[in-house]
Amino acid sequence: MNQIFNVIKSRRSIRKYLPEQIKEEELNAIIEAGTYAPSGHNCQPWHFTIIQNKLLIESMNEKIKQQMILPLHKWANKMGASDQYNVFHHAPTVVIVSGDKTATSPLPLAGTDFHYTPLVDCAASIENILLAAESLGIGSCWLGLVNFFFELPEVRELGIPDSYQPYFAVALGYKDAGTALQPAPKRRIGTVSYIR
Ligand SMILES: Cc1cc2nc3c(=O)[nH]c(=O)nc-3n(C[C@H](O)[C@H](O)[C@H](O)COP(=O)(O)O)c2cc1C
């Protein structure tokens, strides 16, 4: 197996980070990898908001957890109520990935509207970011729960460009050596069919 396969297979979601900030050149290289993802019509419809302000990350965590405990979000209640749970896993860097809603595809994709492409493109970009981080020995975690924050008016204070929709965040940081990382769980079988 070559290095790419090794990186793909060894990447895991990291949920325990050292407080030390990652180096600027590492961060830049990781984000640049994100910009090399494929995108529909080569729109490159992503925007990255890099947050390294501890107080801001903590306040976002609190606001998200306030949403998570609402009866409406029953599935998230337990996590939201736990003092131990931190949406960003105390990562020193959080990257919000937003997509340009005006970057529309002329092709309606099955079951979607015309705004589907930026979301898919941003997902491809995020995967590049996770793999680039892993290749540098840096921990990462794709964060969907941050969507609770995206629904709040405070999201506008992040300066995300007007036509962009925040989709996800990525936590980045050096892995806490104390985290005993298990190898990736077994892959589901029966997910491939062949026509030859
Ligand atoms: C769309 C998406 C949203 C996710 N949201 C979260 C999240 O909010 N918090 C978290 O800790 N992990 C989150 N994850 C990470 C998954 O839980 C993780 O990828 C999955 O359990 C497989 O583990 P692995 O990444 O170690 O292979 C998310 C992953 C994806 C793709």
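- If you check an unreviewed UniProt entry, the protein chain appears there as Nitroreductase from Pectinatus haikarae.

## Regarding the overall build of the protein chain
Then, in step 1: Helices and strands together make up the secondary structure of the protein chain, namely six helices and four strands.
Then, in step 2: Helices (α) and strands (β) of the protein chain occur, in sequence order from the N terminus, as α-α-β-α-α-β-α-β-α-β.
Then, in step 3: Its C-alpha atoms give the protein chain a radius of gyration of 18 Å, within 12% of the compact-globule value 16 Å for 196 residues.
Then, in step 4: The principal-axis extent of the C-alpha atoms belonging to the protein chain is close to 55 × 40 × 35 Å.

## Focus: a nonpolar patch on the surface
Then, in step 1: Taken together, the side chains of Met1, Ile4, Phe5 and Ile8 define a hydrophobic patch exposed on the protein surface, amounting to about 460 Å² of accessible area.
Then, in step 2: Mapped onto the elements of the fold, Met1 is located in the segment before α1 (3–10).
Then, in step 3: When its relative accessible area of 73% is taken as the criterion, Met1 is described as exposed.

## With respect to the site of the ligand
Then, in step 1: With respect to spatial proximity, the complete set of residues near the ligand consists of Arg11, Arg12, Ser13, Arg15, His89, Cys141, Trp142, Leu143, Gly144, Leu145 and Phe168.
Then, in step 2: At a separation of 2.9 Å, an oxygen atom of the ligand approaches a polar side-chain atom of Arg11.
Then, in step 3: Contact distances for the ligand include 3.0 Å between an oxygen atom and a backbone N or O atom of Leu145.
Then, in step 4: For the ligand, whose free accessible area comes to 620 Å², the fraction covered by protein is 64%.
Then, in step 5: With three residues, strand β3 (residues 138–143) is the single largest residue contributor to the shell around the ligand.
Then, in step 6: Residues belonging to the shell around the ligand are distributed by class as follows: five nonpolar, three polar and three charged.

## Points about the sheet that holds β3
Then, in step 1: The four strands are arranged β1-β2-β4-β3 in an open sheet whose pairing can be described as antiparallel. The open sheet has two edge strands with one neighbour each: β1 (46–51) and β3. Taken pair by pair, the neighbouring strands of this sheet meet at an average axis angle of 25°, ignoring direction.
Then, in step 2: Relative to strand β2 (residues 93–100), β1 runs antiparallel, the two being bridged by six bridges. Each bridged residue has a counterpart across the sheet, and for Phe48 the counterpart in β2 is Val97.
Then, in step 3: Where helix α2 (residues 24–35) meets the sheet, its contacts fall on β1, β2, β3 and β4 (164–174), and the angle it forms with β1 comes to roughly 160°.

## So, the pairing of β2
Looking along a regular strand, one sees side chains alternate from face to face of the sheet.
Then, in step 1: Of all eight residues that make up β2, eight are buried, and the element is covered over most of its length.
Then, in step 2: By the alternation rule, side chains of β2 split into Thr93, Val95, Val97 and Gly99 and Val94, Ile96, Ser98 and Asp100, which are all buried.
Then, in step 3: Summarising the sheet, β2 and β4 pair through eight bridges and their orientation is antiparallel. Following the sheet pairing, Val94 is matched in β4 by Ala171.

## Details of the layout of surface pockets
Then, in step 1: Taken as a whole, the largest pocket encloses approximately 300 Å³ of empty space.
Then, in step 2: Residue lining of the largest pocket: 14 residues in total, with Lys9, Arg11, Arg12, Ala184 and Arg187 positioned closest to the centre.
Then, in step 3: For the lining of the largest pocket, the per-class residue count stands at six nonpolar, two polar and six charged.

## Topic: the side chain of His73
Then, in step 1: Relative to the elements of secondary structure, His73 occurs in the loop between α3 (54–68) and α4 (77–81).
Then, in step 2: Ignoring sequence-local partners within four residues, the contact set of His73 consists of Gln67, Met68 and Phe148.

Scoring rules and cut-offs
Counting restarts for each chain: residues are numbered from 1 in the order of the written sequence. Only residues with pLDDT of at least 70 get local features here, since the model is predicted, and only at 80 or more are side-chain atom pairs given and counted; chain-wide, interface and lining totals rely on the full set of residues. To obtain the side-chain values, all non-hydrogen atoms of the structure were included, while hydrogens and water were left out. Each helix corresponds to a stretch of at least 4 residues labelled H or I by DSSP, and each strand to a stretch of at least 2 residues labelled E; elements are numbered beginning at the N terminus. Based on C-alpha atoms, the radius of gyration is set beside the globule rule, defined as 2.2 Å times the residue count to the power 0.38. Patches were defined on residues exceeding 30% relative accessible area and lacking a salt bridge, with like-charge contacts within 9 Å and nonpolar side-chain contacts (Val, Leu, Ile, Met, Phe, Trp, Tyr) within 5 Å. Where accessible areas are quoted, they stem from the Shrake-Rupley method and a 1.4 Å probe; at the residue level, only the protein chains shown are allowed to cover. Salt bridge, as used here: a side-chain nitrogen of Lys or Arg that lies within 4 Å of a carboxyl oxygen of Asp or Glu. Only protein chains enter the area calculation, which uses a 1.4 Å probe; residues under 20% of their type maximum are buried, those over 50% are exposed, and those in between are partly exposed. A single heavy atom is enough: if one lies within 4 Å of a molecule or strand, its residue is considered near that molecule or strand. Counted as a polar contact is a pair of N or O atoms within 3.5 Å, where, for protein atoms, one must be capable of donating a hydrogen and the other of accepting one, and residues adjacent in sequence contribute only when both atoms are in side chains. Throughout this entry, Asp, Glu, Lys and Arg are counted as charged residues, while Ala, Val, Leu, Ile, Met, Phe, Trp, Tyr, Cys and Pro are counted as nonpolar. The remaining residues, Gly among them, count as polar. One bridge is not enough; two strands pair if DSSP finds at least two bridges between them. Axis definition: a line fitted to C-alpha atoms, limited for helices to the stretch in contact. Angles are taken between N-to-C directions and run from 0 to 180 degrees. The contact criterion used throughout is that any non-hydrogen atoms of two residues lie within 4.5 Å. Whether a set of points on the 1 Å grid over the protein atoms alone is a cavity depends on a 1.4 Å probe fitting there but being unable to get out, while an open set qualifies as a pocket with protein on both sides within 12 Å along at least five of seven lines; lining residues are those with an atom within 4 Å of a point. Grid points are joined across faces, edges and corners, and a volume is the space filled by probe spheres set on the points.

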